[in-house]
Amino acid sequence: MTYERIRKEKSPGDTGPIMPDYEALYGEFQWGDARQMLDGLPDGGLNIAFECVDRHAKSGRADHPALRWIGTGDERREYTYGELAELSDRFGAALQGLGVKKGESLFSLCGRVPPLYIAALGTLKNGSIFCPLFAAFGPEPIRQRLGGGGGKVLLTTHRIYRQKVAGLRDELPDLEHVIIVDDGDDLPEDTIGFSGLVERNGREFSMEPTESEDLALLHFTSGTTGAPKGVMHVHEAVVAHHITGKIALDFQDDDIFWCTADPGWVTGTSYGIISPLSNGLTMVVDQAEFNAERWYRILQDEEVTVWYTAPTAIRMLMKAGAELAGDYDLSRLRFIASVGEPLNPEAVVWGQEALGLPIHDNWWQSETGGIMISNYASMDIKPGSMGRPLPGVQAAVVEHTDDTVEIIEEPGEEGELALRPGWPSIFRGYLDMEERYRRCFVDGWYLTGDMARVDEDGYFFFVGRTDDLIKSAGHLIGPFEVESTLLEHEAVAQAAVIGKPHPTAGEMVKAFVELSTGFEAGRALQRELKGFARTRLGPAVAPREIEIVDEIPRTRSGKIMRRLLKARELGEPEGDISTLEGGQ
Amino acid sequence: MNPQQVRALIVDIIADVAPEVDLSDASGDEHLQDHYGLDSMDALTILEKIAEETDVDIPETDYDQVESLNGLTNYVAQRA
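Everything quoted here is computed from the prediction, not taken from an experiment.

### Describing the domain arrangement of chain A
All names here are of chain A.
So, step 1. Once the domains are mapped, chain A shows domain 1 (32-451) and domain 2 (470-570).
So, step 2. Centre-to-centre, using C-alpha coordinates, domain 1 lies 29 Å away from domain 2.
So, step 3. Facing 22 residues of domain 1, the contacting portion of domain 2 comprises 21 residues.
So, step 4. Considering every element that reaches the side of domain 1 that touches domain 2, the biggest residue donor is helix α12 (residues 311-320), with 4 residues.
So, step 5. Residue composition of the side of domain 1 that touches domain 2, grouped by class: 10 nonpolar, 9 polar and 3 charged.

Here is the structure:
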């Protein structure tokens, strides 16, 4: 089925999008001009948190609401820019009091509660590195990331600490301080309460001077093989976070913005903390998980004007039906965007029918730090396309060898999506994986690992991954991590993990296991393995389906042929199986 | 189906989706997602399986009635 192009026409009296003409801006854009939109530190240098809160607090926007928080029980709290600036100062002072220095890292592992946002900003003001983790991770992903990243401070909740971290502390020698956000009278041993830390303690805070190239953020992303990669970002990234909010999300001065992503994933930090704050908006944060009625109610009651969400959520709203949307007044909503995985064309069109607005898909990844390819308020949408490169970003579909890159000029031809380095939020390395980092760059291009095609009008379309990474509900999951955990179970001799297409989540994690001798296939064992994996990995990463098979296909060199398992799962042709062990 | 049968079916479905969840000591009023750490995909899968087995489709607007095992059991038992 083909979908009609969605035309953008300016309605009379409309102030219009912040970028009225994509091609004009693409032609004249300079990153240096984007840097000029920010203040910089008074004595020189650049700091993300200063741009997010202090400069607004100092410039007459101190009383403007910055963070509007809604708790799971519908309790609400609002923080102005002035309050956030002060609270993050106090948290920064507390870190200094604990002896946490510039370049050392604070990891967060908690739900979307105000202390998370205060701590993120305070950490950056202290010149320390903020590394958000997803609260639903099980102990194994936590140990790998927190241990591998050498986290010195952990911000978490009472329950998560007790269930997932306390037992790991011996394995985390770098972890010196654990701060509990929901502290009461009964703090676990060897932890510190958040509220006591940020109470007025008389300690003067002087911000640690930071330069553009100082490390600021660490985001872990799954790899196909081996441990997750720690993607490193510097303070200069805020230049991209700021301007891409304006260009790709159409941020305007009095917007009320809701990014539904959790800060445990890169979207929830770049666009769930930094970009809306650096732009001086009011951002809505909901602590609760997805619920269609709740979400519509938030859009209505909070008068959200710009909404950034994910395909899985949109597909769940579609399931709930367009009539439900009709029960709410969504007239304040002006712009909707989506990221995480390709948005199917039906969903783009559904937005227009059910919400009165098309949904603007965009594309980026942890390594790019900010939106790179996008649909814009002023540009026609071709449903199913991720849009066109941001002004300041050069993108192409390429073919490459180990040291040469050739751009594919023919429209519609598939190749790897590549970007010309040079934008401020490009990652500066993978933590302790220098070689892996260097391999991402060939012949002056950054290779994204995604396959794409570009049409005759310059619109990009996602085709798939070049590797075996799984994209489930917007999260990138490395099969190796899941396989390694399954292999820890005595019944499992071999394990292979693939992404199986799923109508709501895009893909879901499916595992194939080969049993050790002496174990009997059956429902009880299937359940045991699933429970084993979920307890260690958490529900977002663990397999949703486990199939016990006689033999997992491998190459003669012993490499799991995930591609073949996937083809079999989908009933597709098996392709080249010449390297299959025992194959013809 | 009587409520006991419905409850047994739901417990069995939860054991398929999230086998690590221990319902043996449960009062049944615990919030399934918050208390047992199920995510929204788990919740969706459980409701889909219930619909397959019982023909009871639970619309989004009724989700607040099915947040616990007891709530879910009552809801399905009244309709199955």
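On we go from here.
### Considering the environment of L146 of chain A
All names here are of chain A.
So, step 1. Here L146 is to be found in helix α6 (residues 139-148).
So, step 2. For L146, a count of 24 C-beta atoms within 10 Å puts it in the buried group.
So, step 3. C-alpha of L146 to C-alpha of R7: the two residues are 139 residues apart in sequence and 47 Å apart in space.

### With respect to the packing of helix α16 (residues 479-487) of chain A against helix α17 (residues 523-537) of chain A
All names here are of chain A.
So, step 1. At a minimum axis distance of 10 Å, the contact between α16 and α17 shows a crossing angle of 120°. Taken together, the axes of α16 and α17 are oblique relative to one another. The chirality of how α16 crosses α17 is right-handed. Contact residues: V482, T485 and L486 in α16; L529, A533, R536 and L537 in α17.
So, step 2. Looking at the contact of α16 with α17 residue by residue, the class counts come to 5 nonpolar, 1 polar and 1 charged.

### What to know about the environment of A34 of chain A
All names here are of chain A.
So, step 1. On the secondary structure map, A34 appears in helix α2 (residues 31-36).
So, step 2. Taking the number of C-beta atoms within 10 Å as the measure of exposure, A34 has 20 and is therefore buried.
So, step 3. Distance from A34 to E367, taken between C-alpha atoms, is 20 Å for residues 333 residues apart in sequence.
So, step 4. For A34, the residues in contact, after removing those within four places along its chain, are V239, H242 and I243.

### As for the pairing of strand β13 (residues 335-338) of chain A
Residues and elements named next belong to chain A.
So, step 1. What you see with β13 is no split at all: F335 and A337 on one side and I336 and S338 on the other are buried throughout.
So, step 2. Summarising the sheet, β13 and strand β14 (residues 359-363) pair through 3 bridges and their orientation is parallel. Bridge pairing links I336 to I359 in β14.
So, step 3. With respect to chirality, the unit in which β13 leads through helix α14 (residues 345-355) into the neighbouring parallel β14 is right-handed.

Procedures and definitions
Residues numbered from 1 in each chain as written. Chains lettered and ligands numbered in written order. Predicted model: local features only at pLDDT ≥ 70, side-chain atom pairs only at ≥ 80, totals over all residues. Domains from an automatic or database assignment. Contact = placed C-beta atoms within 7 Å. Helix = DSSP H or I, 4+ residues; strand = E, 2+ residues; numbered from the N terminus. Nonpolar A, V, L, I, M, F, W, Y, C, P; charged D, E, K, R; others polar. Buried ≥ 20, exposed ≤ 12 C-beta atoms within 10 Å, placed from the backbone. Axes fitted to C-alpha atoms, helices over the stretch in contact; angles between N-to-C directions. Parallel < 35°, antiparallel > 145°, perpendicular 65-115°, else oblique. Left-handed = near helix turned anticlockwise from the far one by under 90°. Pairing = 2+ DSSP bridges. Right-handed = clockwise from strand over helix to strand, strands pointing away.

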